[in-house]
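What the coordinates show
The primary structure of each chain is shown beneath.
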2 protein chains.
Amino acid sequence: VSKRIVVVGGLAAGPSAASKAARTNGSASVVLLEKSPHTSYGICEIPYFISGEVDGSRLVSYTPDALKERKQVDARAHHLVEEISPGKRFVSVRNLKTGKTNQEYYDRLILATGARSKRLNVEGEDARNLFFVRWLDDAYQLKTYLQEEKPKTAVVIGAGYVGLEMTEALTRCGLQVTVLHKSSLPLSYMEHEVRERIRSIIDGQGVQFHGMVRTEGFVLGRDRKVTHVVTSEGTFDCDLVIECVGVEPQTELATAVGIRTGSFGGILADQRQETNIDNILAAGDCCEVRNIINKKMMYLPLATISSKTGWVAGENAAGGNAVFRGAIRAIAIRVFGLEVIQVGISSEEARDSGFDVVVDSITAWSKVGIMPGATKLTVVTIADRKSKRLLGANIYGSEGAVLRGNTLAVAIQQGISVDDIQQWDLAYSPPFTPLWDPILVAANSLRKKL
Amino acid sequence: VSKRIVVVGGLAAGPSAASKAARTNGSASVVLLEKSPHTSYGICEIPYFISGEVDGSRLVSYTPDALKERKQVDARAHHLVEEISPGKRFVSVRNLKTGKTNQEYYDRLILATGARSKRLNVEGEDARNLFFVRWLDDAYQLKTYLQEEKPKTAVVIGAGYVGLEMTEALTRCGLQVTVLHKSSLPLSYMEHEVRERIRSIIDGQGVQFHGMVRTEGFVLGRDRKVTHVVTSEGTFDCDLVIECVGVEPQTELATAVGIRTGSFGGILADQRQETNIDNILAAGDCCEVRNIINKKMMYLPLATISSKTGWVAGENAAGGNAVFRGAIRAIAIRVFGLEVIQVGISSEEARDSGFDVVVDSITAWSKVGIMPGATKLTVVTIADRKSKRLLGANIYGSEGAVLRGNTLAVAIQQGISVDDIQQWDLAYSPPFTPLWDPILVAANSLRKKL
């Protein structure tokens, strides 16, 4: 049976789902509808485009034409889906170039409508020198603004990972950056000592970090440019504002037809990425996701999860039988010279989830200490005393932190005990790893506390 | 009950066992006897000392005095154990400085007698410019020879990992190196395509590699220096010879009292590192080790296993209850600019062990491809079709190979299926890892063949 599969959304989960559907069922007709001019590009690379490390022309992985030719997906940019008719199984689509509307029938519909930037909803937020970092056009506009107007100072609102990446990018561009953050330290979910270390790293780069700040509005000059950011802790002058206060799922299409959403506002899909409405699946940043460790739903808009849930939705829409098992939260970030990774749940989340939490922290050589360039890593581990399972870990250091974090990510999602980790047979080679890898040092230290 | 624990051997497993015993039972009296002047040093760092990357004065981790002061181990260098009397529980020890012999009584004896370099047993092997790479004094003598006699050409016999590391070290020192190897390609246990890649890397550095060569003898000049190496494939001129043809367990003390050894000549200890003779344990390179994957015994003289089995022996000798679960073989090596790692069993071993073997190979970006300095990794995977378990992997590339190999090492020893690996939630961050980590790309590709 040949099938018609319609995918709404062309950024990450959408192309992943559409490509997988076309691969799974070669006779299926797969249509992808995207409202913007762009499909399949790397949001996560935007800070590196701004910093000048990445060429802007290479941010797009697959244009609509490439999706057609190389993935057998009928991808259409400038196509806005305005409504779903689940009974008659069609979507109403407006061609934003011609203004015309038509109906696209589907056997299976995949919603990959993504997330949008949260806004502060304060005065002056539409200023000409205030940017969000979400869509490719945001990035191009910001890059042009930097090149043409040569701002000297910037305020970054929000010190989540995107805020920190943008802080680094703008600092690399020579701007004096001030970071305003709602909490006392950057990032959430990481352990206190790691957040303190990140703060000290950005301080050391001349960034002005202000914690416990509520942004109340923007004072605009005559040319619609912010001149001052008004906050609970005073006003801050600047030539440029970047707002990075998080994202929220775009679910209007879904909720209009009764698709269930969760407490974070994201679509609740099952392990097959199917929604509660027949023949409609969902994937990516418009969905909530189950945490493998504490079984709770979370909202985790990450490209890794988008592509995985996209695959699962695409395969199932095309008649396959794939399952998405959930996520642990695995986030890595470069903070100037520091590699930082967080995997699994935080000690606070672990306590809230009822685990008998043990936290430990060690510092150990990343490679053999007497080798040239050897540096130290800090490994913070979070475990459950009762099951002796590893629940989470943070690692930071100049090198070798992220990939080791991924190794601990495996232990966390596979439910491996700290006793097992301590016994792991890992390679040792002076230029790369010490006799006792920091992971083993961490497991051994943690084990003594369990 | 206070205990007297005697450890024979002071290189890797011995100090590990002795320190652990002293930590486990603070009232125990722990004596370590080492025949050479040196204790607790890094054999694995010797090539990096020769290359000039590591300061020779830093090769020793713990001198006998440091073991005394910091580890509460009564460590005695220049003490050769000549005989064990298991009935009366003492060892006969000769003080090599005074020539006197005395008896050291024990409640528990730990044999950590290590391994010695294999020899070719051909004419001229005791030449003044022929070196083995095993003991610290070998290294110091070689370094002195290089500095004083300034050899221009070297022949390295054996292209195992030590041979390759020495080849790189001598090349870095400016010598023209010829490698003579018994097989057609360097290294064993790695997959054919990886061995070919390593060969092409060393070729590219100007090293002359000759495979399928049997060394038959050395022609010496008047000053007891090798001038030519005589082989099955002709003679090779040189100013210096390094022999790296493997090591063998030193078990004379053990076999003299009836301690069982295996088919590789190594001591057979149980999971508690206890031998078949009451109150005698063994650890390190004098022992064979069980392979976790195929359950076969293997001889695997690696520092990682020495330190782990040392810990287990030390803890148990002191009244603890530790278990060594075995090893998978995890070996990493730098070959000039290339990181190479091999974990688990080879496809050949897997076939010999009765697995229904599937081998796959992929190439993928180590970090996001458009980031500056992005390079590709090759991941070769070996799996069992029936259980879908990963059995082994080889990874090589300019960066990020070794630590990813360690992540796959975890999958191999924990018996994780390829289906599970493909679902792993791993971090993605452009400077460090791509959206689909090479591990996931490899698992996805391998999965299609299962």
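Thresholds, definitions, all that
Residues numbered from 1 in each chain as written. Chains lettered and ligands numbered in written order. Predicted model: local features only at pLDDT ≥ 70, side-chain atom pairs only at ≥ 80, totals over all residues. Heavy atoms only, no water. Contact = heavy atoms within 4.5 Å. Buried area = accessible area lost by both parts, 1.4 Å probe. Salt bridge = Lys/Arg side-chain N within 4 Å of Asp/Glu carboxyl O. Polar contact = N/O pair within 3.5 Å; in protein donor to acceptor, adjacent residues only side chain to side chain. Helix = DSSP H or I, 4+ residues; strand = E, 2+ residues; numbered from the N terminus. Pairing = 2+ DSSP bridges. Axes fitted to C-alpha atoms, helices over the stretch in contact; angles between N-to-C directions. 1 Å grid on protein atoms, 1.4 Å probe; cavity = no way out; pocket = protein on both sides within 12 Å on 5 of 7 lines; lining within 4 Å. Points joined across faces, edges and corners; volume = space filled by probe spheres on them. Nonpolar A, V, L, I, M, F, W, Y, C, P; charged D, E, K, R; others polar. Expected span 1.5 Å × (residues − 1). Buried < 20%, exposed > 50% of the residue type's maximum accessible area, 1.4 Å probe, protein only. Least-squares fit on C-alpha atoms with pLDDT ≥ 70 in both. Left-handed = near helix turned anticlockwise from the far one by under 90°. Phe/Tyr/Trp six-rings, centres within 6.5 Å; stacked < 30°, edge-to-face > 60°. Lys NZ or Arg CZ within 6 Å of the ring centre and 35° of its normal. Core = buried A, V, L, I, M, F, W, Y, C linked by side-chain atoms within 4.5 Å.

1. As for the interface of chain A and chain B
With 60 residues of chain A in contact, the opposing surface of chain B contributes 60 residues. Between chain A and chain B, the buried area comes to about 5,600 Å², and carbon and sulfur atoms account for 62% of it. Viewed at the interface, chain B and chain A are joined by 2 salt bridges. Inspection of the region where chain A meets chain B yields 23 residue pairs in polar contact (both at pLDDT 80 or more). Elements with a minimum of two residues in the side of chain A that touches chain B: helix H8 (303-317), strand S21 (330-335), strand S22 (338-344), helix H10 (401-414), helix H11 (418-423) and helix H12 (438-449) of chain A.

2. Quick word on the sheet that holds strand S21 (residues 330-335) of chain B
Residues and elements named next belong to chain B. Reading across the sheet, the 5 strands line up as S21-S22-S25-S24-S23 and stay open at both edges, with antiparallel pairing between neighbours. Strands at the two margins of the open sheet, each flanked by one partner only, are S21 and strand S23 (357-365). Sheet twist, expressed as the mean angle between neighbouring strand axes with direction ignored, is 10°. Of the pairings in the sheet, the one linking S23 to strand S24 (residues 376-384) comprises 9 bridges and is antiparallel in character. Its bridge partner lying in S24, Thr 363 is registered against Thr 378. Relative to the sheet, helix H10 (residues 401-414) contacts S21, strand S22 (338-344), S24 and strand S25 (390-397), its axis offset from that of S25 by approximately 175°.

3. Thoughts on empty space enclosed by the protein
All names here are of chain B. Scanning the model with the defined rule gives 6 cavities of 30 Å³ or more in all. Taken as a whole, the largest cavity spans an internal volume of roughly 60 Å³. Along its surface, the largest cavity is lined by 13 residues, and Gly 284, Cys 287, Val 289, Leu 300 and Ile 305 are the ones closest to its centre. When residues of the lining of the largest cavity are assigned to their parent elements, the largest contribution, 3 residues, is made by helix H8 (residues 303-317). Across the lining of the largest cavity, the residue classes break down as 7 nonpolar, 4 polar and 2 charged.

4. Description of the pairing of strand S7 (residues 108-111) of chain A
Residues and elements named next belong to chain A. As judged from the 4 bridges shared by strand S1 (residues 4-8) and S7, these two strands associate in the parallel manner. Along S7, the bridge assignment pairs Ile 5 with Arg 108. Direction of pairing for S7 relative to strand S18 (residues 280-282): parallel, over a ladder of 3 bridges. Of the residues in S18, the one forming a bridge with Leu 109 is Ile 280.

5. A few points about H10(A)
All names here are of chain A. The end-to-end C-alpha distance of H10 is 20 Å, a good match for the 20 Å that 14 residues give at a rise of 1.5 Å each. Within H10, 13 of the 14 residues are buried, which leaves it mostly tucked inside the rest of the structure. The first or second residue beyond H10 is Gly 415, which carries a positive phi of 65°.

6. With respect to the pairing of strand S15 (residues 234-237) of chain B
Residue and element names in this part refer to chain B. Inspection of the sheet shows strand S14 (residues 226-231) paired to S15 by 4 bridges, in the antiparallel sense. If you follow His 228 over to S15, its bridge partner there is Asp 237. Where S14 hands over to S15, the hairpin turn is made up of 2 residues, counted between the paired strands.

7. Here's the deal with the relation of the copies chain A and chain B
Turning one copy of the chain about an axis and sliding it along that axis gives the other copy, so a rotation and a shift relate them. Between the two copies, chain A and chain B, the superposition gives an RMSD of 0.0 Å; the rotation angle is 180° and the shift along the axis is 0.0 Å. The symmetry that links the two subunits is that of a two-fold axis. Looking at the rotation axis and the C-alpha trace of chain A, the residue lying nearest is A:Thr407, at 2.4 Å. Residue by residue, 100% of the interface of chain A is reproduced at the interface of chain B, so both copies engage with the same surface.

8. Quick word on the packing of helix H1 (residues 13-24) of chain A against H8(A)
Residues and elements named next belong to chain A. As a packed pair, H1 and H8 sit with axes 7 Å apart at the nearest point and diverge in direction by 35°. Seen from above, H1 lies across H8 with right-handed handedness. In this structure, H1 uses Ala 13, Ser 16, Ala 17, Lys 20, Ala 21, Arg 23 and Thr 24 to contact H8, whose residues at the interface are Ser 306, Ser 307, Gly 310, Trp 311, Gly 314 and Glu 315. For the contact of H1 with H8, the residue count by class is 4 nonpolar, 6 polar and 3 charged.

9. Some thoughts on unusual backbone geometry
Residue and element names in this part refer to chain A. Of note in the backbone geometry, Ser 40 takes a positive phi value of approximately 45° without being a glycine. Its location among the elements puts Ser 40 in the loop between strand S2 (29-33) and helix H2 (46-50). Look at Met 212: it is not a glycine, yet its phi comes out positive at around 60°. Take Met 212: it is sitting in the loop between strand S12 (208-210) and strand S13 (215-220).

10. Describing the packing of aromatic side chains
Taken as a whole and judged by the stated rule, the model has 8 aromatic pairs over all chains. When the ring centre of A:Tyr189 is taken as reference, the NZ or CZ atom of A:Arg329 above it lies at 3.5 Å. Lying across the ring of B:Trp311, B:Lys20 places its NZ or CZ 4.2 Å from the centre.

11. Description of the nonpolar core
Formed by 80 residues in total, the largest nonpolar core has its most connected members in A:Val343, A:Leu408, A:Trp424, B:Val343, B:Leu408 and B:Trp424. With residues near it in sequence (within four places) discarded, A:Trp424 still touches A:Thr407, A:Leu408, A:Ala411, A:Ile416, A:Ile439, A:Leu440, B:Lys308, B:Val410, B:Gln413 and B:Gln414. B:Leu164, B:Met190, B:Val194 and B:Phe209 belong to the second largest nonpolar core, which has 49 residues in total.

12. Considering the sheet that holds strand S12 (residues 208-210) of chain B
Note on sheets: strands pair through backbone hydrogen bonds, and any given pair is parallel or antiparallel. Residue and element names in this part refer to chain B. Taking strand neighbours across the sheet as the criterion, the 5 strands line up as S9-S16-S10-S11-S12 in an open arrangement whose pairing is parallel. Only two strands of the sheet have a single neighbouring strand rather than two, namely strand S9 (130-132) and S12. Averaged over all adjacent pairs, the angle separating strand axes in this sheet is 20°, with direction ignored. In the sheet, S9 pairs with strand S16 (residues 240-243) via 3 bridges, with the strands oriented parallel. By the bridge assignment, Phe 131 is partnered in S16 with Ile 242. Its contacts with the sheet put helix H4 (residues 136-149) on S9 and S16, and the angle it makes with S9 is roughly 145°.

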